[in-house]
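Topology and contacts: notes
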Amino acid sequence: QLRAEGPQLPATWDWLAGTFWYVGEQDLPAYLFDTRTQSGGMVPDQTVFRITESRNGYFRGTAVVEIAMSRSSFTMLGVVTPDGSVLLTFLPNDPVGVATTGTGRFTYVGRELTMLNQMSSSPSDRVRVLHWAYMRLTKPGDASWDRLPGARVSVPEFMAR
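Summarised in this report is the structure supplied together with it. Keep in mind it's a predicted model, so treat the numbers as computed, not measured.

So, on to the packing of aromatic side chains. Going through the model one piece at a time under the given rule, you end up with eight aromatic pairs. Centre to centre, the rings of Trp 13 and Phe 106 are 4.4 Å apart; their planes meet at 25°, and the pair counts as stacked. Here Phe 106 lies in strand E7 (residues 100-109) and Trp 13 lies in the segment before strand E1 (19-23), a separation of 93 residues in the sequence. Residue Trp 13 is classed as buried on the basis of its relative accessible area, which comes to 3%. Judged by relative accessible area, Phe 106 falls into the buried class, the value being 3%. Plain terms: the ring middles of Phe 49 and Phe 90 are 5.7 Å apart, the flat faces sit at 40° to each other, and that makes the pair tilted. Of this pair, Phe 49 sits in strand E3 (residues 39-55) while Phe 90 sits in strand E6 (residues 85-92); the two residues are 41 residues apart in sequence, bridging distant segments of the chain. As far as the burial class goes, Phe 49 and Phe 90 line up, both buried. By the ring-pair criterion, three or more aromatic residues cluster together here, those being Trp 13, Trp 15, Trp 21 and Phe 106.

Calculation notes
- Residues numbered from 1 in each chain as written.
- Predicted model: local features only at pLDDT ≥ 70, side-chain atom pairs only at ≥ 80, totals over all residues.
- Heavy atoms only, no water.
- Phe/Tyr/Trp six-rings, centres within 6.5 Å; stacked < 30°, edge-to-face > 60°.
- Helix = DSSP H or I, 4+ residues; strand = E, 2+ residues; numbered from the N terminus.
- Buried < 20%, exposed > 50% of the residue type's maximum accessible area, 1.4 Å probe, protein only.

Structure, rendered in structure tokens:
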């Protein structure tokens, strides 16, 4: 549950460099809409962010996304404001792919700092995917590091595929 009061947000965001964020079990469902058939449904969307650089609120890294058993890798660019608002851009590694933009904010769920994000993308000319999730930190030694809930593999294995 989201808490209005609680720990303060960090004063700076440079500490994001070297962190990994993942989608937890309860937030895996995403909505996939097929424009050709005009129908949609829920599909699993395991996403992992690896933030490699962070300075003055700007960060970058890699995002790996597995939606309905299809995996893609993106260069991720982001900015976070002092109040924790987040803007994300995902640039596909495929030169003909289209960039995806997402928004979010850092917020606490209980005493855990999370990145609550939402996005809308078109991985093809006939498919639209909508997703929101609380992204959670993970690191070596965590259960989520060894076995991601949506992929049943470790974070390094998921990122390398």
